[in-house]
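The primary structure of each chain is shown beneath.
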Amino acid sequence: MSDILLDVRGLDIAFFGMAGQRSVRDVSLTIARGETVSIVGESGSGKSVSMRAIMGLLPDSAYVSGSAKFLGQELIGASTATLRSLTGSRIAMIFQDPLTALNPLLSIGDQISEAIRIHNRDVSRREARERALQLLRDVAIPFPEKRLDQYPHEFSGGMRQRVVIAIAIANKPDLIIADEPTTALDVTVQAEVLDLLRRLCRQNGTGLALITHDLGVVAGMAERVYVMYAGSIVEAALVDDIFERPAHPYTRGLLRSLPKMKDQAKRLEDIGGTPPTAASLPTGCAFHPRCSFATDVCRKETPRLNSYGRSIAACHLGGSLPAFEKEIETA
Amino acid sequence: MNAYRYVLRRLAGLPFLLLGVVTVAFLLSQLSPAEPLASILSERQLSNPEAVAAAKARWGLDRSPVEQYLYYVKNVFEGDLGISFRTKQPVIEDLAARLPATMELVLAALFLGVGSGIVLGVVAARFRDTVVDQLVRLIALFGSSLPVFWSGLAALSIFSVQLGLLPGPGRMNPRAAALDPITGFNTIDAILRGNMASFSDAVTHLILPAAVLGWATTGVISRLVRASMLDVLGQDYILMAKAKGSSGLRILFHHALRNALLPAITVIGYSFAYLLTGAVLTETIFSWPGVGSYAVESARALDYPAIMGVTMLGGAVFVLTNLATDLAYVLVDPRIKLQ
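Residues numbered from 1 in each chain as written. Chains lettered and ligands numbered in written order. Predicted model: local features only at pLDDT ≥ 70, side-chain atom pairs only at ≥ 80, totals over all residues. Heavy atoms only, no water.

Q: What is the right way to read the sheet that holds strand E2 (residues 22-32) of chain A from this model?
A: Across a sheet, strands are paired by hydrogen bonds formed along the backbone, either parallel or antiparallel in direction. Residues and elements named next belong to chain A. Pairing is antiparallel in the open sheet, where 4 strands are placed in the order E2-E1-E4-E5. Every interior strand has two partners, whereas the edge strands, E2 and strand E5 (73-74), have only one. Strand contacts of helix H1 (residues 47-54): strand E1 (4-15), E2 and strand E4 (62-70), with the helix running at about 110° to E1, the strand carrying the most contacts. (Pairing = 2+ DSSP bridges. Helix = DSSP H or I, 4+ residues; strand = E, 2+ residues; numbered from the N terminus. Contact = heavy atoms within 4.5 Å. Axes fitted to C-alpha atoms, helices over the stretch in contact; angles between N-to-C directions.)

Written as C-alpha cells, this is what we have:
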C-alpha cells in the first residue's frame, strides 16, 4: 500500500467550549501519490479544519481524535518535533488569501529561503537564495532577480499566490494541501494559478488535496471528489461520476446551483435553508431539513456511507432517488 | 525620496517650532507675578534705587516686553540663551554641562523600560490568561500608577539603605577620583579610560534611578506589545510560518514580534520625551546632576533665562524624537516610504 500518501480514518474534531459538539465527525479519506483529490463543501462544512488538523495547525482549543497516516506515519497526536519536520517539507499548505499569508515585513526572497533553510540546515544563505530564485522562475514570476528582494505589498494578488506556491513547492513535498487557493483571486488570474499548480504537481508527482467550494475548479483539476456537509463526508466519487451521477441530494443541490450556459435567463437555483452549525446539528441526517426527498427515517437515523456504483454516499434513499437530470456543461 | 533631503526638510521646521516655544515661554514668564530682580539682588540691594536701576539696565529689564522678546529671540538664534541669574554662567554652557548626565539616565531608563516592556509583553501574550499574564499586568499597573517620588524613595530605602545592595543617591561615589569626561556619559567614559572601578561605580549608581524612571515605560510598552502580539499571532502569515515548519520561538520573535513592534515605535519615541520630563522628579530624588535638577533649582530661584533654556531644550528634543520615530518606521516597515 505504498502508493497511499494520506490515509485519514475516523477523524473527529471538537473545540473547547462546545460541549460534546464535534465540528468534524468521522471523516475518512485517502489520497494516493500524485493524485489530485478535491474536498468540496460550503463554508463551515469542516473541510479546512480537517486538513489543518492533519498538519497540526489547529489552536490548542481543538480536540482531535481518529487517525491520519502520512506514508504510514501517524500524524494525529504526533510530537511537535515530528509534525514540524513534516510540515513545510513533506506536506505543504497553500492558503486562501495570498494578501495575508505573507509576512509584510520580510522580503519574498527571505520568506522562500526560510522554507528551504528550516528543513535543510546545511544549505547556506547564498544557496537558499539561488534556489529561491529558481523557484520564482518555476512559478513563472517575471524579473525574478528583481522580485526576490521586493516585499509582499509590491506584488499583485495573483503574483503573491505564485509566491505562496513557490514556498509550498520549495522542498518538493509529497502532498500539497491547497485551501481555496484561488478564491481570493480575480477570475482571469484563477485559471493561470490553477494551471500552474496542476503543472507543478504533475512534474513533481505531488499529491494535491484541493479544498474548494467551486465545482468549476473541481471539474478542471480533480480526479476524485469528497463532498462534505456539516462536518461529515456525504459523498465520495470519481470526478466524472460526481457530475454525471451524483448520489447524494446535497451534491445534486450543489450541481443545480451552478450557473448554466444554455438558460442564462433563468434565476440561479439554490439549496433552500442554511447549513447547520456544530451546535445546532439536527437529528438523523444533517441535511434532512434542506432535502426535498427527506422521509421519516432521514429525520431519525444518521445515514452511513454506502456504495452506489463506483461512488459512496451517506443517504438513506441512495438507490431510490430519481435519476439525476444532467444539466451541467463541465468547463 | 532621498533620506538626507527628507531629514533636512524636517529639520528646517525646527527653528519655527522653537520660535513658538520661545514665544509661549516668554509670554508665561511675563504673566508670572514674580519679580525677577528679587532673584538677582539681595534684599538690602533691593532697597537701593541705584543698585536696582543698574541691575535693570544690566539685564535689560528696563526695556519694554516687546523689546525684551525681540532681543531674546535674536540671541537665541545666535545660539545665546542668556546668562543664568543664579549660576552667572551662560545658560547654554550650564545645559551642555548637565545634558550628558540626563541623557545617560534617560537612555538607560528607556533601555530598561522598553527592553523589559517588550519581553514582558511577549511573555504575557504567549501565556495569555495565565498567572504569568496576570503578574505582568500587575507589574504594568504599578509601573504606570506609582509616582516616581514614591517609588524612588521606596527603592532607595529598600535596595540602598536596608539591603545595602546598591549605592545611595548621586552619580558617582563622591570620595572616588573624578573621571575626566570625554562624552560626559560616566559609564562610557569609564570604559574608554579603561577604569573598571569607575565603571562599576557609575553603573551601580545608574541602576536604581534608571529602573525607577523606566518602570512607567515598562507598563505602557508591555501592555501595548501584549495586545499587538495577540493581534499579530492571529494573522494568516503566522499560520503560514507554522505550516512552513518554523519553531515556536522563531514564530514568536522572527515573524510576530517585528510586526507587533510597529505600533510600539510611536510609543517608544513618545516615552523618550516623557522620560526627559519625568527625569525632573527622579533627578531631584536621586541627586542626579542633570537638566532635571537644574530645572528645579532654576525654578526655585526664579532664574528666567535658565527656565527658558530648559523649556527650549525640551521642545527641541520633542521635534528630534518625532523625526527619529518617523525614520524608524521607514527602516522597519518596507511599506512606508518617505514623502
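Once you've had a look at it, read on.
Q: Help me understand the packing of helix H12 (residues 236-243) of chain B against helix H13 (residues 248-285) of chain B, please; the structure alone is not making it clear to me.
A: Helix packing for two helices is described by the angle between their axes and how far apart those axes are. Residue and element names in this part refer to chain B. Two elements in contact, H12 and H13, have axes whose closest approach is 11 Å; the angle formed by their N-to-C orientations is 165°. Between H12 and H13, the angle is such that the two are roughly antiparallel. In terms of crossing hand, the pair formed by H12 and H13 is right-handed. Together, Tyr237, Ile238, Ala241 and Lys242 of H12 and Ile251, His255, Ala256 and Asn259 of H13 make up the contact between the two elements. When grouped by side-chain class, the residues that make up the contact of H12 with H13 number 5 nonpolar, 2 polar and 1 charged. (Parallel < 35°, antiparallel > 145°, perpendicular 65-115°, else oblique. Left-handed = near helix turned anticlockwise from the far one by under 90°. Nonpolar A, V, L, I, M, F, W, Y, C, P; charged D, E, K, R; others polar.)

Q: Just checking my understanding: could you explain helix H8 (residues 131-145) of chain B for this structure?
A: Residue and element names in this part refer to chain B. Between its first and last C-alpha, H8 extends 21 Å over 15 residues, near the 21 Å set by a 1.5 Å rise per residue. Residues Asp133, Val136, Ala140 and Gly143 constitute the buried set of H8. Along the axis of H8, the buried positions cluster into a sector of 90°, meaning they face one direction only. With respect to the buried face of H8, the exposed residues turned more than 90 degrees away are Val131, Leu135 and Leu141. Buried positions along H8 lie against helix H7 (91-126) and helix H11 (196-233). (Expected span 1.5 Å × (residues − 1). Buried < 20%, exposed > 50% of the residue type's maximum accessible area, 1.4 Å probe, protein only. Arc of directions from axis to C-beta.)

Q: Please clarify how unusual backbone geometry should be interpreted in this entry.
A: The general pattern is negative phi for most residues beyond glycine and trans for most peptide bonds. Look at Ala140 of chain A: it is not a glycine, yet its phi comes out positive at around 60°. Looking at Ala140 of chain A, the relative accessible area reads 40%, which means it is partly exposed.

Q: What am I meant to see in the sheet that holds strand E8 (residues 207-212) of chain A here?
A: Residue and element names in this part refer to chain A. Spatial strand order, E6-E7-E8-E3-E9-E10-E12-E11: 8 strands in an open sheet with mixed pairing. A strand with exactly one partner marks an edge of an open sheet, and here the two such strands are strand E6 (91-94) and strand E11 (306-308). Looking at each pair of strands side by side, their axes are set apart by 20° on average, direction ignored. The pairing of strand E3 (residues 36-40) with E8 spans 5 bridges and is classified as parallel. Of the residues in E8, the one forming a bridge with Ser38 is Leu210. Seen against the sheet, helix H11 (residues 249-256) touches E3, strand E9 (224-229) and strand E10 (232-238) and runs at an angle of roughly 105° to E9.

Treat this as a map of the structure, not an account of what it does.
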